Amino acid sequence: MYAAVRRYEGVTDPAEAARLVNEGFVPLMRQVPGFVAYYWIDAGNGVMVSTSVFQDQAGVEESILRAADFVRDNLASLLPNPPQVMAGEVAVSA
């Protein structure tokens, strides 16, 4: 399995961002081949973290591209700063 983690800082409206992600982005992730799971976490203080899990690296790479497009097209005013993006093979899973 592979995962991508994106950390967004300076989120202006976490509740609205969560609503838009749930209604618009989650369905896009479910369409990517190899989809396993997606999580959108409100870490507080204007920080949101997303985690996408896929069966292979190609799915993770596709999720990163789709996330960038979705943020640009739908969330730019709510997520004004570029995310910190990390991706790689899952070393341990429970």
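The rules behind these values
Position numbers for residues start from 1 in each chain and track the written sequence from start to end. Predicted model: local features are reported for residues with pLDDT of at least 70 only, side-chain atom pairs are reported and counted for 80 or more only, and whole-chain, interface and lining totals are derived from all residues. Think of the side-chain values as coming from all heavy atoms in the structure, minus any hydrogens and water. Strands here mean DSSP runs of E at least two residues long; helices mean DSSP runs of H or I at least four residues long; both are numbered from the N terminus. For a helix, the expected span equals 1.5 Å multiplied by the residue count minus one. Residue burial is assigned from relative accessible area. The probe radius is 1.4 Å, only protein chains are included, and a residue is buried under 20% of its type maximum, exposed over 50%, and partly exposed in between. The reported arc concerns the directions from the helix axis to the C-beta atoms and nothing else. Contacts between residues were defined by any pair of non-hydrogen atoms, one from each residue, lying within 4.5 Å. Definition of nonpolar core: a set of buried residues of the types Ala, Val, Leu, Ile, Met, Phe, Trp, Tyr and Cys, connected through side-chain atoms within 4.5 Å. Classification of ring pairs rests on two measures: the distance between centres of Phe, Tyr or Trp rings, Trp counted by its six-membered ring, which must be within 6.5 Å, and the angle between planes, read as stacked under 30 degrees, edge-to-face over 60 and tilted in between. Here, strands pair whenever DSSP counts at least two bridges between them. Geometry is summarised by axes, namely lines fitted to C-alpha atoms with helices restricted to the contacting stretch, and by angles between N-to-C directions that run from 0 to 180 degrees.

### Structural notes on helix 2 (residues 57-75)
Okay, step 1: Taking 1.5 Å as the rise per residue, helix 2 with 19 residues should run 27 Å; its terminal C-alpha atoms sit 25 Å apart, in good agreement.
Okay, step 2: What helix 2 keeps buried is the set Gly59, Val60, Ser63, Ala67, Phe70, Val71 and Leu75. Projected down its long axis, helix 2 shows its buried positions confined to an angular sector of 100°, all on one face. Facing away from the buried side of helix 2 by more than 90 degrees, the exposed set consists of Ala58, Leu65, Arg72 and Asp73.
Okay, step 3: Buried-residue contacts for helix 2 involve strand 1 (2-8), helix 1 (14-31), strand 3 (47-54) and strand 4 (84-89).

### As for the nonpolar core
Okay, step 1: Counting 20 residues, the largest nonpolar core has Tyr8, Val21, Phe25, Tyr38, Trp40, Leu75 and Leu79 as the members making the most contacts within it.
Okay, step 2: Counting only elements with at least two residues in this core, the list comes to strand 1, helix 1, strand 2 (35-44), strand 3 and helix 2.
Okay, step 3: If near-sequence neighbours (up to four positions away) are discounted, Phe25 is found in contact with Arg6, Leu20, Tyr38, Ser63, Arg66, Ala67 and Phe70.

### Topic: the packing of aromatic side chains
Okay, step 1: The full count for this structure, using the stated rule, is 4 aromatic pairs.
Okay, step 2: The interplanar angle of 45° and the centroid separation of 5.4 Å between the aromatic rings of Phe25 and Phe70 together place this pair among those described as tilted. Taken as a pair, Phe25 in helix 1 and Phe70 in helix 2 lie far apart in primary sequence, 45 residues in all.
Okay, step 3: Phe25 sits in the buried class, given a relative accessible area of 3%.
Okay, step 4: With a centroid separation of 5.8 Å and an interplanar angle of 75°, the aromatic rings of Phe35 and Phe54 are classed as edge-to-face. On the criterion of sequence distance, the pair formed by Phe35 in strand 2 and Phe54 in strand 3 is long-range, its members being 19 residues apart.
Okay, step 5: Owing to a relative accessible area of 0%, Phe54 belongs among the buried residues under this scheme.

### Quick notes on the sheet that holds strand 1
Okay, step 1: Ordered by their spatial adjacency, 4 strands build an open sheet running 2-3-1-4, and the pairing between neighbours is antiparallel. Of all the strands in the sheet, just strand 2 and strand 4 have a single pairing partner and so form its edges. If you compare each strand with its neighbour and ignore which way they point, the axes differ by 10° on average.
Okay, step 2: As judged from the 6 bridges shared by strand 1 and strand 4, these two strands associate in the antiparallel manner. Directly across from Arg7, in strand 4, lies its bridge partner Gln84.
Okay, step 3: Helix 1 contacts strand 1, strand 2 and strand 3 of the sheet and is inclined by roughly 170° relative to strand 2.
Okay, step 4: The sheet contacts of helix 2 involve strand 1, strand 3 and strand 4, and relative to strand 1 the element is tilted by about 25°.

### Brief notes about unusual backbone geometry
Okay, step 1: Backbone geometry at Asn45 places phi at a positive 55°, although glycine is not the residue there.
Okay, step 2: Relative to the helices and strands, Asn45 resides in the loop between strand 2 and strand 3.
Okay, step 3: Classification of Asn45 by relative accessible area gives exposed; the value is 82%.

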